[in-house]
Amino acid sequence: MRSVELSIRGHVQGVGFRWAMRAEAERLGVTGWVRNRRDGTVEARVTGTSAAVDAIVSWASQGPPLARVERVEARETDTDATNDTAFEIRASA
């Protein structure tokens, strides 16, 4: 298992990014969460197989049709620190 924290920049709020990411995460079998940040970015933590994590990171670089992703920053995190059992949309931070 592998965990990655993502910071997604661009026109990524108000375009259904979080809901689309949750659907993609569920399709891939990835757990974790996604939320909007006050600075206009979307932040997420994803945990899954290496292939599934790579796939969701790749998906995030495009996002849903109305998104205009400029950059995705990915940082490996400690898998043991996560205990997510599903993928959820969290309140803005």
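Residues numbered from 1 in each chain as written. Predicted model: local features only at pLDDT ≥ 70, side-chain atom pairs only at ≥ 80, totals over all residues. Heavy atoms only, no water.

> Whenever I open this one, the nonpolar core confuses me. Can you help?
Note on soluble globular proteins: their nonpolar side chains tend to be buried together. Core analysis: the largest hydrophobic core is formed by 20 residues, its most contacted members being L6, I8, F17, M21 and V46. Among the secondary structure elements, those contributing two or more residues to this core are β1 (2-11), α1 (17-28), β3 (42-48) and α2 (50-60). No other element matches α2, which puts 5 residues into this core. The contacts of L6, once residues within four sequence positions are left out, are M21, V42, E43, A44, V57, A60, V72, E73 and A74. (Core = buried A, V, L, I, M, F, W, Y, C linked by side-chain atoms within 4.5 Å. Buried < 20%, exposed > 50% of the residue type's maximum accessible area, 1.4 Å probe, protein only. Helix = DSSP H or I, 4+ residues; strand = E, 2+ residues; numbered from the N terminus. Contact = heavy atoms within 4.5 Å.)

> In this structure, what is going on with α2? I would like to understand it.
Those residues of α2 lying buried are A52, V53, I56, W59 and A60. All buried residues of α2 fall inside an arc of 125° around its axis, so they share one side. For α2, the elements touching its buried residues are β1, α1, β3 and β4 (68-77). (Arc of directions from axis to C-beta.)

> I'm lost on the sheet that holds β4 in this one. Help?
Hydrogen bonds between backbone atoms are what pair the strands of a sheet, whose relative direction is either parallel or antiparallel. Strands sit in the order β4-β1-β3-β2-β5 across an open sheet of 5 strands; the sheet is mixed. Of all the strands in the sheet, the pair left with one neighbour each is β4 and β5 (87-89). In this sheet, adjacent strand axes meet at a mean angle of 15° when their direction is disregarded. Direction of pairing for strand β2 (residues 31-36) relative to β3: antiparallel, over a ladder of 6 bridges. Note that in β3 the partner of N36 across the bridge is V42. Contacting β1, β2, β3, β4 and β5, α1 runs over the sheet at an angle of about 170° to β5. Against the sheet, α2 makes contact with β1, β3 and β4, and its axis sits at roughly 5° relative to β1, the strand it touches most. (Pairing = 2+ DSSP bridges. Axes fitted to C-alpha atoms, helices over the stretch in contact; angles between N-to-C directions.)

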